[in-house]
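Commentary on secondary and tertiary structure
Here's the letter readout for the chains.
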Amino acid sequence: EPEVTQTPSHQVTQMGQEVILRCVPISNHLYFYWYRQILGQKVEFLVSFYNNEISEKSEIFDDQFSVERPDGSNFTLKIRSTKLEDSAMYFCASSGRDRTLGSSYEQYFGPGTRLTVT
Amino acid sequence: EDQVTQSPEALRLQEGESSSLNCSYTVSGLRGLFWYRQDPGKGPEFLFTLYSAGEEKEKERLKATLTKKESFLHITAPKPEDSATYLCAVQAAGGSQGNLIFGKGTKLSVKP
């Protein structure tokens with residue numbers, strides 16, 4: 001069964017350093033997302049991406065964040081200068097095999113990358 | 001403001017003891033309501049999508065229902081392996097495929 005994969009599973013970095021989190025969405029999906037979950041809190045939306053551009057972003061997604069689809073399979077989230085409060089689980093999700101299908105709104109999540117900023 | 005409230009926060013059941021989880025929502029036009037299961041340290045696992053009031057979906061011991069204001073996840077004769085956090089999320093209508101707004105979840109523990 002197709003699934004979303006994410007690497008690394010755990011990333012430890014020092015405050016102020018840049019990190020890149022990687023995701024391989026489900027093949028043929030059209031929409032890609034990043035969410036984060038701070039320990040013990042809700043899953044929060046960061047950004048959605050479609051047709052090689054950002055379609056929506058939340059207030060959390062400030063200038064320190066960027067997303068990219070560098071090739072036909074990978075989808076990345078970059079944090080330019082990490083802060084302690086960026087420590088969280090980051091989830092990639094994808095949806096939309098075909099916009100005409102009724103199931104196209106279902107978002108499938110990856111296993112997450114645990115980011116620890118020290 | 002669009003929001004999702006889940007209750008109870010935690011639920012402890014004995015194996016075989018049926019119960020329901022609640023998800024109340026306010027959203028400016030509902031595109032869909034989604035139920036996910038999340039195990040500790042893992043990503044949300046998709047369970048159901050509900051699109052309109054009156055709709056019901058079933059999968060094994062789980063059944064999800066939807067009204068105009070809330071959704072229920074009914075668990076019939078649960079087993080210990082059903083222990084997890086169950087997340088409810090809504091997606092607002094309009095615009096492009098948009099973000100999911102999640103509730104805090106209900107942590108379910110099923111004891112043998």
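Heads up: these notes are all about the structure in this document.

Cut-offs and rules
Residues numbered from 1 in each chain as written. Chains lettered and ligands numbered in written order. Predicted model: local features only at pLDDT ≥ 70, side-chain atom pairs only at ≥ 80, totals over all residues. Heavy atoms only, no water. Helix = DSSP H or I, 4+ residues; strand = E, 2+ residues; numbered from the N terminus. Rg over C-alpha atoms; globule rule 2.2 N^0.38 Å. Buried < 20%, exposed > 50% of the residue type's maximum accessible area, 1.4 Å probe, protein only. Contact = heavy atoms within 4.5 Å. Buried area = accessible area lost by both parts, 1.4 Å probe. Salt bridge = Lys/Arg side-chain N within 4 Å of Asp/Glu carboxyl O. Polar contact = N/O pair within 3.5 Å; in protein donor to acceptor, adjacent residues only side chain to side chain. Disulfide = S-S within 2.5 Å. Pairing = 2+ DSSP bridges. Axes fitted to C-alpha atoms, helices over the stretch in contact; angles between N-to-C directions. Phe/Tyr/Trp six-rings, centres within 6.5 Å; stacked < 30°, edge-to-face > 60°.

Along the backbone of chain A there are 0 helices and 11 strands. What you see in chain A, going N to C, is helices and strands ordered as β-β-β-β-β-β-β-β-β-β-β. The C-alpha atoms of chain A give 14 Å as radius of gyration, which agrees with the globular expectation for 118 residues (13 Å, within 12%). Projected onto the principal axes, the alpha-carbon positions of chain A cover approximately 45 × 25 × 25 Å. Burial status across chain A gives 42% buried among its 118 residues. Contacts spanning at least 24 positions in sequence make up 56% of the contacts within chain A whose residues lie at least 6 apart.

Turning next to the interface of chain A and chain B. Taken residue by residue, the interface counts 24 residues in chain A and 22 residues in chain B. For the pairing of chain A and chain B, the buried interface totals around 1900 Å² over both sides, and the portion due to carbon and sulfur atoms is 55%. It is Lys 42, Tyr 105 and Phe 109 of chain A that lose the most area in chain A upon contact with chain B, and together they represent 33% of the buried surface on that side. Counting the contacts that link chain A with chain B gives 0 salt bridges. Applying the counting rule to chain A against chain B returns 5 residue pairs in polar contact (both at pLDDT 80 or more). Going through the elements one at a time, strand E4 (31-37), strand E5 (43-50), strand E6 (53-57), strand E9 (88-95) and strand E10 (108-109) of chain A are the ones with two or more residues in the side of chain A that touches chain B.

We now examine the state of the cysteines. Residues and elements named next belong to chain A. Tallying each qualifying case throughout the model produces 2 disulfides over all chains. Paired through a disulfide, Cys 23 and Cys 92 show a sulfur-sulfur distance of 1.9 Å. Across the S-S bond of Cys 23 and Cys 92 the torsion is about -65 degrees, and the bridge reads as left-handed. Taken together, the residues Cys 23 in strand E3 (residues 19-24) and Cys 92 in strand E9 connect sequence positions 69 residues apart.

The subject of this paragraph is the sheet that holds E3 of chain A. Residues and elements named next belong to chain A. One open sheet accounts for 4 strands, arranged E1-E3-E8-E7; its pairing is antiparallel. With one partner strand each, in any of the chains shown, strand E1 (5-7) and strand E7 (65-68) form the two edges of the open sheet. For this sheet, the mean inter-axis angle between neighbouring strands, taken without regard to orientation, is 20 degrees.

Attention shifts here to the pairing of strand E8 (residues 75-79) of chain A. Residues and elements named next belong to chain A. With 4 of 5 residues buried, E8 is to be regarded as a mostly interior element. Relative to E8, E3 is paired through 5 bridges, and the arrangement is antiparallel. Each residue of the ladder has a partner; that of Leu 21, found in E8, is Leu 77. Strand direction decides the pairing type here: E7 and E8, joined by 4 bridges, are antiparallel. When the bridges of E8 are listed, Val 67 appears paired with Leu 77.

Let's shift gears to the sheet that holds strand E8 (residues 70-75) of chain B. Residue and element names in this part refer to chain B. Pairing within the open sheet is antiparallel, and its 5 strands lie in the order E1-E3-E8-E7-E6. Taken across any chain shown, the strands that pair with only one partner, and hence form the sheet edges, are strand E1 (3-7) and strand E6 (56-59). If you compare each strand with its neighbour and ignore which way they point, the axes differ by 15 degrees on average.

In this fold, His 29 of chain A is placed in the loop between E3 and E4. A polar contact of 2.7 Å, which involves the side chain of His 29 of chain A, links it to the side chain of Ser 94 of chain A.

What follows covers the pairing of E3 of chain A. Residues and elements named next belong to chain A. Residues Val 19, Leu 21 and Cys 23 line the buried face of E3, whereas the alternating positions Ile 20, Arg 22 and Val 24 sit on a face that is not buried. As judged from the 3 bridges shared by E1 and E3, these two strands associate in the antiparallel manner. Following the sheet pairing, Thr 7 is matched in E3 by Arg 22.

The subject of this paragraph is the packing of aromatic side chains. As enumerated under the stated definition, the model contains 15 aromatic pairs over all chains in all. With a centroid separation of 5.2 Å and 45 degrees between ring planes, the pair formed by Tyr 35 of chain A and Phe 109 of chain A is classed as tilted. Placement of Tyr 35 of chain A in strand E4 and of Phe 109 of chain A in strand E10 is noted, with a sequence separation of 74 residues between them. Exposure class is identical for Tyr 35 of chain A and Phe 109 of chain A. Each is buried. Ring geometry for Phe 109 of chain A versus Phe 102 of chain B: centroids 6.0 Å apart, planes at 80 degrees, classification edge-to-face. With Phe 109 of chain A in strand E10 and Phe 102 of chain B in strand E10 (residues 101-102), this pair bridges two chains. By relative accessible area, which is 2% here, Phe 102 of chain B ends up buried. An aromatic cluster is present here, built from Tyr 33, Tyr 35, Phe 45, Phe 91, Tyr 108 and Phe 109 of chain A together with Tyr 36, Phe 46 and Phe 102 of chain B joined pairwise through their rings.

These figures come from the coordinates and say nothing about function on their own.
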